[in-house]
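# Fold and geometry: a report
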Amino acid sequence: MKNSKRVALESVATPERFQFDETFVSKAVKDATDIVLANLSEYVHMYPTAASENLQYGKQKNAEDWVEGFWTGILWLSYELTGNELFRAVAEAQFDDFQDRLNRFGGLSHHDIGFLYVPSAVAQYKITGAHKARELGVRAAEQLAKRFSETAGIIQVRDTDRQGAFIVDCSMNLPLLFWAAQTTGDHSYYIKALRHITQVCNYIIRDDASTFQSFQIDEVIGQPGKGGQGQGYDDKSCWARGQSWVIYGLALAYRYTREPEFLEMGKRVANYCLNRLPSDHVCCWDLIFTGDGDPRDSSAAPIIACGLLELAEHLSEQDEHKQLYYTAAGDILMHLANDYQTPVESNGLLAHGVYVKKTRPGKEGIGCGDDECCIWGDYFYMEGLVRLSKKWNPYW
Ligand code: GLY
């Protein structure tokens, strides 16, 4: 890996701006789990759509999308937060949907297999010890591992793309491979995940610690090509959710590898992000926007918070970032709880999320889920609340 020192480590400006009072957590947990409970009977073998319309999630089968695992993950988190067996019963009932989907390989020709099978099968195995859930998680990891390109050293994003293409989002699919290596003893999963996150550090993370969403490596000769920005503002900007995926992905890569470079790189991408937040610390949808009047992405903000909490866990007591990241994460989650919760008529948790922004230059009107609830945002918001509530064994 290129040395992390090629990437700028900004100091976090005015760290005292981050503050939180943890008393918000118990009400936020109750509000969130009440909404999940109220929607439980509607979403047993049907799953919330990726984003809401008019703050109402639709329903879809567990067939084609990349997001169905988040609802099952929300149920496991709700079970861990409340002990209510209803949440567990529905999450367990959904096992067959994930198994059937893997059996017929439906809508799985892409790299997001981790998002589908970590918060469902792996979570179920970690919480209940169910052998069949471990087996399903390992089978999912086998499929993800098949996407690895030896020449490019990456997990390829989709079958239809140019070969050798990878995107920042995949940083959060790698824990499926790291976990599979740990649980099976098959080191090849570990090597593939390690090589992929190393290429993320080499090519997706720019010298100023911002990120491209996508990068292309020539699949035949392994020659690096160029980076781009699909869901962000433009090729020079920094898509907030992409930055959030890599903050958390690097922290988890450190958890599994204990490679100090990943912790160092994690600090660099985290500090870049913390220095570009508006005054309520809920990120705008692209980090080139920092004004209080600019549109937010409440679905990226809790991912940042969870990534900061994971980084904080691994930093030494002497590292000034440890307390800072913990406090910044609590502050972000507190602002989400206080100011971004949905109105009562919604079936989601957080308003003002963005799936694909409709105002990207040259792509005006092309987008979806803009200023809506996003199911991954709701998942990571609840994960953040769990992390603040108790010592938690991550599903990732
Ligand atoms: N593909 C994951 C995302 O939209 O963040």
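Given the structure is predicted, the values throughout are model-derived calculations rather than measurements.

Once that is clear, we can look at the overall build of the protein chain. The helix and strand inventory of the protein chain stands at 13 helices and nine strands. Taken over C-alpha atoms, the radius of gyration comes to 19 Å for the protein chain, in line with the 21 Å a tight globule of 396 residues would show. Reported as C-alpha extents along the three principal axes, the dimensions of the protein chain are approximately 50 × 50 × 45 Å. Of the contacts formed within the protein chain by residues at least 6 apart in sequence, a portion of 69% connects residues at least 24 apart. Surface summary for the protein chain: the accessible area is close to 14700 Å², and the carbon and sulfur share equals 49%. Of note, the protein chain has its 39 positive side-chain charges centred 4 Å away from the centre of its 53 negative side-chain charges.

A few words on the site of the ligand. Around the ligand, the structure places W66, D112, D169, Q231, W239, R241, W245 and Y355. Between the ligand and D169, the relevant distance is 2.9 Å, taken from a nitrogen atom to a side-chain nitrogen or oxygen of the residue. Between an oxygen atom of the ligand and a side-chain N or O atom of W245, the distance comes to 2.9 Å. Calculation on the ligand without its partners gives an accessible area of 200 Å², and the protein chains cover 94% of this total. The class makeup of the residues in the shell around the ligand is four nonpolar, one polar and three charged.

All chains considered together, the criterion is met by 20 salt bridges. Between K59 and E42 there is a salt bridge; the shortest N-O distance is 2.6 Å. Remark: E42 occurs in the loop between helix 1 (24-39) and strand 1 (47-48) and K59 occurs in strand 2 (residues 59-60); sequence separation between them is 17 residues. Taking relative accessible area as the criterion, E42 reaches 40% and is therefore assigned partly exposed. The partner of K390 in a salt bridge is E80, with the nearest N and O atoms 3.6 Å apart. Of this pair, K390 sits in the segment after helix 13 (375-389) while E80 sits in helix 2 (residues 68-82), and the two are 310 residues apart along the sequence. The partly exposed category is assigned to K390, whose relative accessible area is 35%. A relative accessible area of 21% places E80 in the partly exposed class. Among the charged side chains, a network of salt bridges with common partners joins R255, E310, E313, E383 and R387.

With that settled, consider helix 1. A rise of 1.5 Å per residue sets the reference length of helix 1, with its 16 residues, at 22 Å; its end C-alpha atoms lie 23 Å apart and thus fit the reference within 8%. Among the residues of helix 1, those classed as buried are F24, V25, A28, V29, D31, A32, T33, I35, V36 and N39. Where helix 1 is buried, its residues touch helix 2, helix 3 (85-93), helix 12 (320-339) and helix 13.

When the terminal C-alpha atoms of helix 13 are compared, their 21 Å separation across 15 residues agrees well with the 21 Å that a helix rising 1.5 Å per residue should span. Counting buried residues in helix 13 gives 14 out of 15 residues, a clear majority hidden from the surface.

Attention now moves to unusual backbone geometry. Unlike most non-glycine residues, F105 shows phi in positive territory, near 50°. Considering the arrangement of structural elements, one finds F105 in the loop between helix 4 (95-104) and helix 5 (113-128). Although it is not a glycine, H281 sits at a positive phi angle of roughly 70°. Mapped onto the fold, H281 is located in the loop between helix 10 (260-274) and helix 11 (301-314).

Take the side chain of D286 next. Within the secondary structure, D286 sits in the loop between helix 10 and helix 11. Look at D286: it is buried, it has no salt bridge, and the nearest opposite charge is R206 at 7.7 Å. A polar atom in the side chain of D286 sits 2.8 Å from the backbone nitrogen of Y233. When residues no more than four places from it in sequence are discounted, the contact partners of D286 are G232, Y233, S237, C238, W239 and A240.

Counting across every chain of the model gives 31 aromatic pairs. Through a chain of ring-to-ring contacts, the aromatic side chains of W66, F70, F115, W245, Y248, Y355, W376, Y379, F380 and W396 assemble into a single cluster. Against the face of Y272 rests R276, its NZ or CZ located 3.6 Å from the ring centre.

Fine structural detail should not be taken from predicted coordinates in areas where pLDDT scores are low. Mean pLDDT over the protein chain works out to 97, with 99% of the residues at or above the 70 mark. Within the protein chain, strand 7 (residues 224-228) has the poorest average pLDDT of any element, 93, and helix 11 the best, 99.

The description of two helices packed together rests on the angle between their axes and the distance between the axes. One can describe the packing of helix 5 onto helix 6 (residues 131-145) by two numbers: an axis separation of 8 Å at closest approach and a directional angle of 160°. Comparing their axes, helix 6 and helix 5 come out roughly antiparallel. By crossing handedness, the relation of helix 5 to helix 6 is classed as left-handed. Contacts between helix 5 and helix 6 involve I113, Y117, A121, V122, Q124 and Y125 from the first element and K132, A133, R134, L136, G137, A140, Q143 and L144 from the second. For the contact of helix 5 with helix 6, the per-class residue count stands at nine nonpolar, three polar and two charged.

What follows concerns the packing of helix 4 against helix 6. Relative orientation of the contacting elements helix 4 and helix 6 amounts to 35°, with a least axis distance of 11 Å. Classified by chirality, the crossing of helix 6 by helix 4 is left-handed. Between helix 4, through F95, F98, Q99, L102 and N103, and helix 6, the contact on the second element is made entirely by K132, A133, L136, R139, A140 and Q143. In terms of residue class, the contact of helix 4 with helix 6 is built from six nonpolar, three polar and two charged.

Basis of the calculations
Residues numbered from 1 in each chain as written. Predicted model: local features only at pLDDT ≥ 70, side-chain atom pairs only at ≥ 80, totals over all residues. Heavy atoms only, no water. Helix = DSSP H or I, 4+ residues; strand = E, 2+ residues; numbered from the N terminus. Rg over C-alpha atoms; globule rule 2.2 N^0.38 Å. Contact = heavy atoms within 4.5 Å. Areas by Shrake-Rupley, 256 points an atom, 1.4 Å probe, with all protein chains shown as cover. Lys, Arg positive; Asp, Glu negative; His and termini not counted. Charge placed at Lys NZ, Arg CZ, Asp CG, Glu CD. Near = heavy atom within 4 Å. Polar contact = N/O pair within 3.5 Å; in protein donor to acceptor, adjacent residues only side chain to side chain. Nonpolar A, V, L, I, M, F, W, Y, C, P; charged D, E, K, R; others polar. Salt bridge = Lys/Arg side-chain N within 4 Å of Asp/Glu carboxyl O. Buried < 20%, exposed > 50% of the residue type's maximum accessible area, 1.4 Å probe, protein only. Expected span 1.5 Å × (residues − 1). Phe/Tyr/Trp six-rings, centres within 6.5 Å; stacked < 30°, edge-to-face > 60°. Lys NZ or Arg CZ within 6 Å of the ring centre and 35° of its normal. pLDDT = per-residue confidence, 0-100. Axes fitted to C-alpha atoms, helices over the stretch in contact; angles between N-to-C directions. Parallel < 35°, antiparallel > 145°, perpendicular 65-115°, else oblique. Left-handed = near helix turned anticlockwise from the far one by under 90°.

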